[in-house]
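The residues making up each chain are set out below.
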Amino acid sequence: MGNEESTMMDDTIAPSVLEARNIEAVAKYIKVYDVKKVVLMVGAGISTSAGIPDFRSPDTGIYANLAFLDLPEPEDVFDIGFFRENPKPFYALAHELYPGRYRPTIVHSFIRLLYEKGMLLKHFTQNIDCLERQAGVPGDKIIEAHGSFASQHCIDCKELYPDEEMHEKVAKSEVPHCHKCNGLIKPDIVFFGEALPSSFFDNRDLPAEADLCIVMGTSLQVQPFASLPSLCSEGVPRVLINKEQVGGLGSRKDDVLLLGDCDAGVLRFARALGWEEELEALWEKTNPDLQSRAEETAPPQTRDERLHDEVERLTEEVDRTLGLTEAYQRKVHEKLESHESPEAHRQSGGLGHVFPHLKLSH
Ligand code: CNA
């Protein structure tokens, strides 16, 4: 399996379903055939523009930059046998890759858009960065074929390890140990020599049902994932958006290769579908600056809201600086007095209940 013919289709041979072997013809096919069952197969290349390096890109890939970890072979960082002997290189790398530090790319938002349009049959990802979830693709539409950082267990007794402690350990590049048996803790990502999750095998029939397949950002070098595109039915268009041609993509009559950067490829695809604005709006929602901008442009607060916020802020300040000086107490008191009318003050029973440790004189 997975040894698909990789001889490229001759330009003189016409496609069977598409009008032409280009992305505009795929967009037309989607509209004309009312495509509703799209399968995606992706890898690290869809997250490189988020700032997460892939494995195999020369110069920028993780394998080319593992010298600092001093490994016999770069692949050893994900080798379960090596991990048992020396987990430190993996945890140094986990520190770099850990979810929460990166924004989804426009490709992740494109996958979400396919979902919103009711067209996403299944998204197969080799990535462990959880960016598709962060972009709003629901978990039941995603097969994380190589697992993810979402949970972690002891490699010996299989005890679950708490998320919060894991975050702390990874943040410090420390190796966590099991609270029960002191074994090594490993995130539930699939290492070389480990079985893929059952969800991968349970859903492996879906590519055969698809009416469109999109492969992006993967070198298709890791089996059994690499065989997925070959499981699509003959006569179903397959699109490859990647820096280079990979696997058997390009060997069938309705294969379309969009070689180059995947963000640019997806934008061109969206434009051909008339979805460009929608896609950009969806991607903008993943912008972490959006929240702060929303706050800046929020309508002015009412007097009561301002008062409530001020009380909360002062409570925190007081909690932080227990053991206040007399002068500071006076300052807080004056400030509160100037924000609250005597009437409101009486009705609320004063501020002593908010600051039980503050002896305010009324
Ligand atoms: P890979 O073998 O490193 O291949 C990446 C592919 O993407 C190559 O063909 C690149 O040319 C191509 N590529 C890189 N950047 C771009 C770009 N901006 N636009 C278009 N194409 C690009 O990675 P695979 O995913 O194929 O290998 C499988 C491994 C990688 C899985 O086991 C993953 O767990 C693992 N991995 C995941 C992450 C992540 O979660 N983001 C990061 C690094 C490695």
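Residues numbered from 1 in each chain as written. Predicted model: local features only at pLDDT ≥ 70, side-chain atom pairs only at ≥ 80, totals over all residues. Heavy atoms only, no water.

*Asks:* Looking at this structure, I do not really get the site of the ligand. What am I missing?
*Replies:* Taken together, 28 residues lie near the ligand, and R56, D129, H146, S219 and E244 sit nearest. Take D129: an N or O atom from its side chain is 2.7 Å from a nitrogen atom of the ligand. Within the side chain of T218, an N or O atom sits 2.7 Å from an oxygen atom of the ligand. For the ligand, the protein covers 96% of the area, taking 860 Å² as the surface of the free molecule. Among the detected pockets, the ligand sits in the largest pocket. Its residues placed into classes, the shell around the ligand shows nine nonpolar, 13 polar and six charged. (Near = heavy atom within 4 Å. Polar contact = N/O pair within 3.5 Å; in protein donor to acceptor, adjacent residues only side chain to side chain. Areas by Shrake-Rupley, 256 points an atom, 1.4 Å probe, with all protein chains shown as cover. 1 Å grid on protein atoms, 1.4 Å probe; cavity = no way out; pocket = protein on both sides within 12 Å on 5 of 7 lines; lining within 4 Å. Sits in = over half its atoms within 2 Å of the grid points. Nonpolar A, V, L, I, M, F, W, Y, C, P; charged D, E, K, R; others polar.)

*Asks:* Explain the side chain of T125 here, please?
*Replies:* Within the element layout of this structure, T125 appears in strand 2 (residues 120–125). Taking relative accessible area as the criterion, T125 reaches 0% and is therefore assigned buried. Within polar-contact distance, the side chain of T125 engages the backbone nitrogen of N127 at 2.9 Å. The residues contacting T125, other than those within four sequence positions of it, are V42, E132, I142, I143, E144, A145, H146 and F225. (Helix = DSSP H or I, 4+ residues; strand = E, 2+ residues; numbered from the N terminus. Buried < 20%, exposed > 50% of the residue type's maximum accessible area, 1.4 Å probe, protein only. Contact = heavy atoms within 4.5 Å.)

*Asks:* Quick question: what am I supposed to make of the layout of surface pockets here?
*Replies:* Summary: where empty space remains is shown by rolling a probe the size of a single water molecule over the atoms. In this structure, the largest pocket encloses a volume near 960 Å³. Along the walls of the largest pocket sit 41 residues, with G43, A44, D54, F55 and R56 positioned nearest its centre. Looking at side-chain class alone, the lining of the largest pocket contains 16 nonpolar, 17 polar and eight charged residues. (Points joined across faces, edges and corners; volume = space filled by probe spheres on them.)

*Asks:* Is there a simple way to explain the pairing of strand 7 (residues 238–242) in this structure?
*Replies:* Each regular strand displays side chains that alternate between the two surfaces of the sheet. Within strand 7, five of the five residues are buried, which leaves it mostly tucked inside the rest of the structure. By the alternation rule, side chains of strand 7 split into R238, L240 and N242 and V239 and I241, which are all buried. Here strand 6 (residues 212–216) runs beside strand 7; their pairing, made up of four bridges, is parallel. Residue pairing in the sheet places M216 in a bridge with I241 of strand 7. (Pairing = 2+ DSSP bridges.)

In short, the description is geometric, and any link to function would need to be established separately.
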